[in-house]
Each structure stands twice: as C-alpha cells, then as structure tokens.
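Structure at a glance
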Amino acid sequence: MEERFPPDGQSFEAYVALGSNMGDREQLLMQAIGLLDRDPAIEVRRVSGIYETDPVGFTDQPAFLNMAIAIRTSLAPIELLRKLLEYELQLGRVRQVRWGPRTIDLDLLLYDNVRMDQEELTLPHPRMMERSFVLVPLNDVIVLSHTLRSVVALAAGSALRDGKEGIALWKTINWRSASEPFGS
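Residues numbered from 1 in each chain as written. Predicted model: local features only at pLDDT ≥ 70, side-chain atom pairs only at ≥ 80, totals over all residues. Heavy atoms only, no water.

1. Observations concerning the overall build of the chain
- Tallying secondary structure elements over the chain gives four helices and eight strands in all.
- Taken from the N to the C terminus, the helices and strands of the chain come in the order β-α-β-β-β-α-β-β-β-α-α-β.
- Counting only residues that meet the buried cut, the chain has 48% of its 184 residues in that class.
- Here the contacts in the chain between residues at least 6 apart in sequence split such that 70% fall between residues at least 24 apart.
- Of the roughly 9,800 Å² of accessible surface on the chain, 50% is carried by carbon and sulfur atoms. (Helix = DSSP H or I, 4+ residues; strand = E, 2+ residues; numbered from the N terminus. Buried < 20%, exposed > 50% of the residue type's maximum accessible area, 1.4 Å probe, protein only. Contact = heavy atoms within 4.5 Å. Areas by Shrake-Rupley, 256 points an atom, 1.4 Å probe, with all protein chains shown as cover.)

2. Focus on the environment of Tyr87
- With respect to the helices and strands, the residue Tyr87 is situated in helix H2 (residues 77-90).
- As a C-alpha pair, Tyr87 and Gln31 span 56 residues in sequence and 9.6 Å in three-dimensional space.

3. Comments concerning the pairing of strand E1 (residues 12-20)
- Taken across its nine residues, E1 has nine buried, putting it largely inside the fold.
- Burial of E1 is two-sided: the residues Phe12, Ala14, Val16, Leu18 and Ser20 facing one way and the residues Glu13, Tyr15, Ala17 and Gly19 facing the other way are all buried.
- Two strands pair when backbone bridges link them, and E1 and strand E4 (residues 64-73) are joined in this way by nine bridges, in the antiparallel orientation. Along E4, the bridge assignment pairs Ala14 with Ile71.
- Where E1 and strand E5 (residues 105-111) come together, six bridges link them in antiparallel fashion. Opposite Leu18, over in E5, you have Leu106 as the bridge partner. (Pairing = 2+ DSSP bridges.)

4. Considering the nonpolar core
- Of all hydrophobic cores here, the largest spans 35 residues; its most connected members are Leu18, Met67, Ile69 and Leu80.
- Elements represented by at least two residues in this core include exactly E1, helix H1 (25-38), strand E2 (42-47), E4, H2 and E5.
- Looking at this core element by element, the count peaks at seven residues for H1.
- In this structure, Leu18 is in contact with Leu29, Ala32, Ile33, Leu65, Asn66, Met67, Ala68, Ile69, Asp105 and Leu106, ignoring residues within four places of it in sequence. (Core = buried A, V, L, I, M, F, W, Y, C linked by side-chain atoms within 4.5 Å.)

5. Considering the pairing of E4
- The element E4 is extensively covered by neighbouring structure, given that nine of its 10 residues are classed as buried.
- Pairing of E2 with E4, which is carried by five bridges, proceeds in the antiparallel orientation. The partner of Val47 across the bridge, within E4, is Ile69.
- Summarising the sheet, strand E3 (residues 50-53) and E4 pair through three bridges and their orientation is antiparallel. By the bridge assignment for E4, Tyr51 is matched with Asn66.

6. Considerations on the pattern of salt bridges
- Throughout the structure, instances matching the rule amount to six salt bridges.
- For the salt bridge of Arg25 with Glu52, the shortest nitrogen-to-oxygen distance reads 3.0 Å. Placement of the pair is Arg25 in helix H1 and Glu52 in strand E3, with a sequence separation of 27 residues.
- The residue Arg45 makes a salt bridge to Glu43 at a minimum N-O spacing of 3.9 Å.
- Here Glu43 falls in the partly exposed class, since its relative accessible area comes to 31%. (Salt bridge = Lys/Arg side-chain N within 4 Å of Asp/Glu carboxyl O.)

7. Points about the side chain of Thr53
- Take Thr53: it is sitting in strand E3.
- Here Asn66 takes part through its side chain, which lies 2.5 Å from a polar atom of the side chain of Thr53.
- The residues touching Thr53, leaving out its near neighbours within four places in the chain, are Ala63, Phe64, Asn66, Phe133, Gly166 and Ile167. (Polar contact = N/O pair within 3.5 Å; in protein donor to acceptor, adjacent residues only side chain to side chain.)

Here is the structure:
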C-alpha cells in the first residue's frame, strides 16, 4: 500500500514568494493570495509587505512588486508546486523569456524543514539565498523557530541596509485576522 504524504489530517507550513511586473501588479498579487486562500487544502497565515524591486537577470523590463506568504497546507510538496503553477496560468502567466516579464510568479521556497532534490522540485528553493527580492519579504513572515530564520534575517537586513539590491518597501498589507475570510 502506498504511503500518503502528508498523512491524513496533517498540515505543514510552507513559504511562497510572489512577484509581478505586468499589468496591475498589486491586484495580481492580491488575486494570487485570494486563489490560494480559497483553496480548501491551503490557508494563508501571514503576508509580507510589498516590495518594489529592480529586475534581475533580464533587466530590460519594468520593476517588480514582490512579497512572500506563509501558508498551512495538507498538500504534499509536489502537489503544492503543481497548484501554484495552475494558479499562475489562471492569472495569465506566459513563459517566454527566462527571468522575463510576467503577470505573476509563484515560487515554493520552503516546505516545513523538508529537503528534496527532484527534477520537478528542489527544496529549499535552490536560488532563494541569492535573491534579496525573495529574502526580504520572506523575513517578514518566516517563523522564529524555522532552521533558516537567522540566515534569512541576516541576508535580508544586509540587503536593506546596503541598498544595492534595488529593493524598497512599497506598501504594507493589513492582513485579516485568522477567523476572517479573505476579501471581506
């Protein structure tokens, strides 16, 4: 008999990075959070501020809005990744240029303390420690007890202090209480 992961009734904390630099960037970020929060297998727990960031890699494109969220999920890591890709498509994501403009980007950064390296998914996200646009918002939502908390906090603080990474707080979000449904 195949073992089910996660076991029935269990949920795990995961962290997702969000980014947008096409269309109504803030609205697309909020739509993505709403889609995730309405999914019966996902609960959005904490939301970072929104940061405006310079593009990385392919730099001839508009600035991004980036943020991170902490979620609780009963989905296995691969299932969660596939759900994120499905929501990207729903929000008009088209993959044409590597690191190019996009309506929405949803990256699974961390899933509890799971470490995995498969063709479809590597956890922790293999490039997150190189990206201030990921680390700064992640620092807003990562729990104190996470094994990577101190490393994330140090890197995020350095990026904001040095100012060389092209990242600045754009807007803070007043997230709902745990009992209030998203969008009310």
